[in-house]
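# Structural overview for review
So you can see what is in the structure, the chains are spelled out below.
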Amino acid sequence: MEHEFAHGSDEGRAARGADATDGERAARRDEAIRAAVERGLLGPGSPVVGLLDVAGIRTSAAALRAAFDAVTAPGTPVLHAFAVKATPLVPVLRLLNEEGIGAEVASPGELALARAAGITPARTVLDSPAKTPAELREALALGIAVNADNPQELDRIDALVHSAPTRSPIGIRVNPQVGGGTIGATSTATATSKFGVALQDEGAREWVVRVCTERPWLTRLHAHTGSQGVPLSLMARGVEETYALAEEINRRLGRHQIDTIDIGGGLPVNFASDATTPTYAQYARLLSEAVPGLFDGRYGLVTEFGRSLLAKHGTVVARVEYAKRAGGRPIAITHAGVQVATRTVYAPASWPLRIAAYDPKGRPKEGPSVVQDIAGPACFSGDLLAEGQTLPLLDQGDYAAALDTGAYYFAHHYAYNSLPRPAIHGFAPAERGEIRFALVREAQTPAEIVAESGGDHPTGLLDL
Ligand SMILES: *Cc1c(COP(=O)(O)O)cnc(C)c1O
């Protein structure tokens, strides 16, 4: 996919792969794994943890802001709202908020996380396709931006807007139907995607124009054209279509009613190496070339990036409990599998992960590379973090690190085999090369697993 966005000075970058910043991030990761073992955050008693690179997260947030600052007219209002579903952890949302990034939420739980992180309504956007009347009422009462997914939802919003005044900016989510990418599950702009108003369906465009004519408070359009696997050119076409619709609405209404366009998220992440590619700068430049009118100051912008902000800053590290062989294949049995890497285990072709090997002291493992399987702890044979990956032979007591797992991985626990949610620690380099850690989330205890599994009602079924 590189050829598509590699131009100008970025060509060199794409050819070189990882640059200095990427190299520093990889070095910090090695240091953090060593320090986590040294301090007992990782070991026989806590055989799997998630680690988050605080400096890396700050760097990505700054890169996102700078990329859009570079292409927007001075004074353009821009809200970068982190898609909370990518990493639903309160301390992460708080850190991003400090970096000027708000929140895109899609459920009462995500809204509660954003509020717990102190993110203001003005920096929050609500987007789910299944908002209940109660959720809509709360969002409008708080003044959170809402994007209506469909005509029935707009009916509900109508009733609420008429019953109480609201400060919420309100928009319509459209599906530009520009097509899908290589991963069906993350392609949101196919002809039959469940999201938004399908713009090319008969009468849909006219419907959008009409409802805007009747409702001066409809001031936004929203499109999220896809996530991992969708090429940048397709994402840009989705934005282009949405902008064209905004222009058409404003022209036909004879007023600048649509004043903000929410372009969604979806920048893909490179899981094949430490290189950050594509970059926010590349995408922002591509958009500014494809849709210059969107950046000339007439429209405010909202973005909703998730994976690209966090993926490369998270690592799940698991102890190798046993090393064995089957059918001539070496297999490392680790403590990270389907519970922390659900997508990879169930759809390995779409979501391959790079695994790095560390020795029992947490130092990068040396030695000849061998083709091996890295398996998880769950009781089904498909529970593999990686199949046939080439790396130094893992042995009992070593550690396997699943790289680039900061988004949609260890924060998305899957309770197969009642495996506990692992602890998550943030880390940052301190003076004298030392690493400091801060707890993001405690590991789940067996007692908590019992409690959330009906443990308070053990005889509940006996009296029926
Ligand atoms: C998931 C989602 C995002 C974030 O997508 P990423 O690929 O993680 O950047 C943004 N907006 C909406 C509406 C989404 O559903």
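Residues numbered from 1 in each chain as written. Predicted model: local features only at pLDDT ≥ 70, side-chain atom pairs only at ≥ 80, totals over all residues. Heavy atoms only, no water.

## Here we look at the pairing of strand β18 (residues 435-441)
Let me state the cut-off plainly: Paired strands, in this sense, are two strands between which DSSP finds at least two bridges. Only runs of H or I of at least four residues qualify as helices and only runs of E of at least two qualify as strands under DSSP, and these elements are numbered from the N terminus.
Here 6 bridges tie strand β17 (residues 423-429) to β18, and the two strands are oriented antiparallel to one another. Counterpart to P429 in the pairing with β18 is I435. Counted between consecutive antiparallel strands, the loop separating β17 from β18 contains 5 residues, among which R432 sits at a positive phi close to 55°.

## Here we look at the site of the ligand
This is how it is decided: If a single non-hydrogen atom of a residue is within 4 Å of a molecule or strand, that residue counts as near it. We call two N or O atoms a polar contact when they sit within 3.5 Å, provided that within protein one can donate a hydrogen and the other can accept it, with sequence-adjacent residues counted only if both atoms are side-chain atoms. Per-residue accessibility takes into account occlusion by the displayed protein chains alone, with areas from the Shrake-Rupley method and a 1.4 Å probe. For this scheme, ten residues count as nonpolar: Ala, Val, Leu, Ile, Met, Phe, Trp, Tyr, Cys and Pro. Four count as charged, namely Asp, Glu, Lys and Arg, and the remainder, Gly too, count as polar.
Taken together, 15 residues lie near the ligand, and K85, S227, G266, E304 and Y408 sit nearest. One of the side-chain N or O atoms of S227 is found 2.7 Å from an oxygen atom in the ligand. Contacts to the ligand include E304, whose side-chain N or O atom sits 2.6 Å from a nitrogen atom. When isolated, the ligand has an accessible area of 390 Å², and the protein chains bury 94% of it. Per-class residue counts for the shell around the ligand are 3 nonpolar, 6 polar and 6 charged.

## A word on the UniProt feature "domain: Orn/DAP/Arg decarboxylase 2 N-terminal" (unreviewed entry) in the protein chain
Spelled out, the test is: UniProt positions are given in the numbering used here, feature names are shortened, and annotations may be inferred rather than shown by experiment.
The UniProt record marks residues 77-310 with the feature "domain: Orn/DAP/Arg decarboxylase 2 N-terminal" (unreviewed entry), using the residue numbering of this structure. Counted over residues 77-310, helix gives 38% and strand 16%. Its end C-alpha atoms are 24 Å apart.

## Here's the deal with the packing of aromatic side chains
What counts is decided by this rule: Geometry of aromatic contacts follows a simple scheme: Phe, Tyr and Trp rings, the Trp one being its six-membered ring, pair when their centres are within 6.5 Å, and the pair is stacked under 30 degrees between planes, edge-to-face over 60, tilted otherwise. A 1.4 Å probe rolled over the protein chains alone gives each residue an accessible area, and that area as a share of the maximum for its type sets the label: buried under 20%, exposed over 50%, partly exposed in between.
What the rule picks out here adds up to 8 aromatic pairs. Between the aromatic rings of F68 and F305, the centroid separation amounts to 6.3 Å while the plane-to-plane angle is 45°, which identifies the pairing as tilted. Within this pair, whereas F68 is found in helix α3 (residues 54-69), its partner F305 is found in the loop between β10 (300-303) and α11 (307-310), the two being separated by 237 residues in sequence. Both residues of the pair, F68 and F305, count as buried. Ring geometry for Y346 and Y414: centres 6.0 Å apart, planes at 75°, overall edge-to-face. Taken as a pair, Y346 in helix α12 (residues 342-346) and Y414 in the loop between β16 (399-402) and β17 lie far apart in primary sequence, 68 residues in all. With relative accessibility at 45%, the residue Y346 sits in the partly exposed group. Residue Y414 is classed as partly exposed on the basis of its relative accessible area of 30%. By way of ring pairs, the aromatic residues F68, Y280, Y283 and F305 are connected into one cluster.

## What to know about unusual backbone geometry
If a residue is not glycine, its phi is most likely negative; likewise, a peptide bond is most likely trans. Put simply, T277 and P278 share a cis peptide bond, and its omega is -5°. Mapping P278 onto the fold places it in the loop between β9 (260-262) and α10 (280-290). Positive phi values are uncommon outside glycine, yet Q177 reaches one of about 50°. Among the residues examined, Q177 registers a relative accessible area of 13% and is labelled buried. For Y408, which is not glycine, the phi torsion reads 65° and is therefore positive. The residue Y408 is located in the loop between β16 and β17 in this model.

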